[in-house]
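# Chain and residue survey
Now for the letters of each chain:
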Amino acid sequence: MYLNEFDATMKLIQGKWKIYIIYYIHEQDTTRFNQLSRDLSDVSKKTLTLQLRQLEVDGLISRLTTSGYPLKVEYHLTTLGLSMIPVLDMICDWGNDHISPDLLAAKLCD
């Protein structure tokens, strides 16, 4: 249960790496775990796994496993996940307009 629609939306993206993961998958269209792990090298594999699972449970990403050896696991944004991109873009735009670049450890979006 959520307090309201704002609370529900924020809980979907709450987590240190979820927004990075969503943007990364969006930019790549499809990505595999090892690729994500390499490119988001500051996140532990355990944390990455947990956040990917939460995003999947919340319906923002889908996980596709192909049979064969080795198994391939690919992640895609769902329609719900894609609908989150404009929201995240607006948050980024606000941050770019109102937060000094000196206070940012990194810049996620341009």
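Residues numbered from 1 in each chain as written. Predicted model: local features only at pLDDT ≥ 70, side-chain atom pairs only at ≥ 80, totals over all residues. Heavy atoms only, no water.

If you check an unreviewed UniProt entry, the protein appears there as Helix-turn-helix transcriptional regulator from Pseudolactococcus carnosus.

### Quick word on helix 5 (residues 79-98)
The criterion, for reference: Secondary structure elements follow DSSP: runs of H or I no shorter than four residues count as helices, runs of E no shorter than two count as strands, and numbering proceeds from the N terminus. Expected span of a helix, by definition, is 1.5 Å for each gap between consecutive residues, and there is one gap fewer than residues. In this scheme, a residue with accessible area under 20% of its type's maximum is buried, one over 50% is exposed, and one in between is partly exposed, where area comes from a 1.4 Å probe on protein chains only. Residue contacts are defined here by distance: any two heavy atoms, one from each residue, within 4.5 Å place the two residues in contact.
An ideal rise of 1.5 Å per residue puts 28 Å on 20 residues; helix 5 measures up with 30 Å between its terminal C-alpha atoms. Those residues of helix 5 lying buried are Gly81, Met84, Ile85, Leu88, Cys92 and Gly95. Looking at the buried residues of helix 5, the elements they touch are helix 1 (5-13), helix 2 (18-28) and strand 3 (72-77).

### As for the packing of helix 1 against helix 2
This is how it is decided: What counts as an axis is a line fitted to C-alpha atoms, over the stretch in contact for a helix, and the angles between N-to-C directions run from 0 to 180 degrees. Oblique is the label for every angle not falling under 35 degrees (roughly parallel), over 145 degrees (roughly antiparallel), or within 65 to 115 degrees (roughly perpendicular). Residue polarity is assigned by list, with Asp, Glu, Lys and Arg as charged and Ala, Val, Leu, Ile, Met, Phe, Trp, Tyr, Cys and Pro as nonpolar; anything else, Gly included, falls into the polar class.
Across the interface, helix 1 lies against helix 2 with an axial gap of 8 Å and an inter-helix angle of 75°. Classified by the angle their axes make, helix 1 and helix 2 are roughly perpendicular. In contact with Lys11, Leu12 and Ile13 of helix 1, helix 2 contributes Lys18, Ile19 and Ile22. Across the contact of helix 1 with helix 2, the residue classes break down as four nonpolar, no polar and two charged.

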